Amino acid sequence: MAGKQDPRTIAVANGIASDEVFGTVTPPIYLSSTFAFSGFERHRGYEYSRTANPGRDLLADTLAKLEGGAGAVVTASGMAAVDLVLSLANRGDLVVAPHDCYGGTYRLLAARRDRGHFDLAFVDQSDANAIAAVFARKPALVLIETPSNPLMRVVDIRAIAAQAKKAAARVAVDNTFLSPALQRPIALGADLVIHSTTKYINGHSDVVGGAVVCANEADAAALSHWANVTGSIGSPFDAYLTLRGVRTLFPRIERQQENAAAVAAFLAGRDEVAAVHYPGLASHPSHAIAKTQQAGFGAMLSFDLAGGTDAVRRFVEAVRVFTLAESLGGVESLVAHPATMTHAGMGAEARAAAGIGDGLLRLSVGLEAEADLIADLETALKAAG
Ligand SMILES: *Cc1c(COP(=O)(O)O)cnc(C)c1O
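Nothing here was measured: the structure is a model prediction, and the numbers come from that model.

So, how was this worked out
Residues numbered from 1 in each chain as written. Predicted model: local features only at pLDDT ≥ 70, side-chain atom pairs only at ≥ 80, totals over all residues. Heavy atoms only, no water. Domains from an automatic or database assignment. Contact = heavy atoms within 4.5 Å. Buried area = accessible area lost by both parts, 1.4 Å probe. Salt bridge = Lys/Arg side-chain N within 4 Å of Asp/Glu carboxyl O. Polar contact = N/O pair within 3.5 Å; in protein donor to acceptor, adjacent residues only side chain to side chain. Helix = DSSP H or I, 4+ residues; strand = E, 2+ residues; numbered from the N terminus. Expected span 1.5 Å × (residues − 1). Buried < 20%, exposed > 50% of the residue type's maximum accessible area, 1.4 Å probe, protein only. Arc of directions from axis to C-beta. Pairing = 2+ DSSP bridges. Near = heavy atom within 4 Å. Areas by Shrake-Rupley, 256 points an atom, 1.4 Å probe, with all protein chains shown as cover. 1 Å grid on protein atoms, 1.4 Å probe; cavity = no way out; pocket = protein on both sides within 12 Å on 5 of 7 lines; lining within 4 Å. Sits in = over half its atoms within 2 Å of the grid points. Nonpolar A, V, L, I, M, F, W, Y, C, P; charged D, E, K, R; others polar.

(A) View of the domain arrangement of the protein chain. You can read the domains of the protein chain as domain 1 (7-246) and domain 2 (249-384). Here the C-alpha centroids of domain 1 and domain 2 sit 26 Å apart. Each side of the interface is counted separately: domain 1 has 39 residues, and domain 2 has 42 residues. Note on domain 1 versus domain 2: buried area summed over both sides is about 3300 Å², and carbon and sulfur give 61% of it. Taken together, domain 1 and domain 2 are joined by 1 salt bridge. Salt-bridge contacts for Arg8 lead to Glu254; the nearest nitrogen and oxygen are separated by 2.6 Å. The interface formed by domain 1 and domain 2 contains 17 residue pairs in polar contact (both at pLDDT 80 or more).

Given below as structure tokens:
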């Protein structure tokens, strides 16, 4: 039935009314850890839920179709998804990663490098010279995060994928910040797409999960095999909730990005704000490239408070609609302070090199009424001084 369906339809309808036993409209959840064989050496397609589970498979199938991939593996977390991709790198291989990547990814990469699992180069992926220099070292795997966290710098996926193809390196794009509703990296040349489904894909801040979508079947089979070997798979209940979130992915993120655009415009006009980092603003260095590879600018942004750490403390204690919390992509608006929260583990030196100052705040803009969001920010900015 699917094939040429619009992604909006796939998000809502994939697997709906497919139950052949009772005709349930919503696909059921199968919590069973194990499945009865129908006879000696005969099973019905499922044997054991670490290896495969019908609900988890349906979520994987839906995500693969939304990203335009050949297959997907659903993992227990976004970090498990990143680690699953890293299983493709062997001792002596060079892995390239953005210098301003997600803090947890930075920690995982550095720890595996320190244990000798692979070689590692952190680069500024918006710097064409740095990219050319690192490709000269013949990397095996290039990780891209775009827009980057927390400065929303956009990396040209097409350009890096084209160089990677020539160098026979795989490209994996962490698409957590936009979701397939706003960016489809495989169509731009990526081999793998990583998600923390904890964020927009689930969208309700009540599941930690992840996924890897593969452009080709061989990678999907290899990663599915490895997820079974290591047991890094997602649970049936998490898969059920996450698919429930996927049903509304498009309208959620579209409405959230409208709010984000309004918030960015508001912040850009305030004296208390030294800089706003939102690719939707014409002043953002990545505005032009974002337009060519994204279907929208997303609902994440960050900004520098002119008053530094003291202003940050006053600001985060004054907000009432925004909540001070890590994570992003849920229906509720959150504010985070990268230097002490999401990026604390990176260390002051690496943060400074990546341009993450002590006055930087990151917003995940939710589905609340725009006027309430802006009024809340205005109150907090006045408190910050
Ligand atoms: C949250 C996040 C991760 C890690 O995902 P978890 O689900 O928290 O394990 C990886 N990459 C990005 C860009 C993220 O935002």
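(B) Representation of helix α7 (residues 217-230) in the model. In a regular helix each residue adds 1.5 Å, so 14 residues correspond to 20 Å; α7 covers 20 Å between its end C-alpha atoms and thus fits that length. Residues of α7 that are buried include every one of Asp219, Ala220, Leu223, Ala227 and Asn228, and no others. The buried residues of α7 occupy an angular sector of 165° when projected down its axis, which confines them to one face. Along α7, exposed side chains directed more than 90 degrees from the buried face belong to Ala218 and His225.

(C) Highlighting the pairing of strand β1 (residues 71-75). In terms of burial, β1 is largely enclosed, as 5 of its 5 residues are buried. Residues Gly71, Val73 and Thr75 line one face of β1 and the alternating positions Ala72 and Val74 line the opposite face, and both faces are buried. Here β1 pairs with strand β7 (residues 210-214) via 5 bridges, running antiparallel. Counterpart to Ala72 in the pairing with β7 is Val213.

(D) Spotlight on the site of the ligand. Close to the ligand lie 14 residues, the nearest being Met79, Asp174, Ser196, Thr198 and Lys199. Take Asp174: an N or O atom from its side chain is 2.7 Å from a nitrogen atom of the ligand. Take Ser196: an N or O atom from its side chain is 2.8 Å from an oxygen atom of the ligand. Coverage of the ligand by the protein chains reaches 93% of its 380 Å² of free accessible surface. Judged by the fraction of its atoms near the pocket grid, the ligand is located in the largest pocket. For the shell around the ligand, a count of residues per class yields 5 nonpolar, 6 polar and 3 charged.

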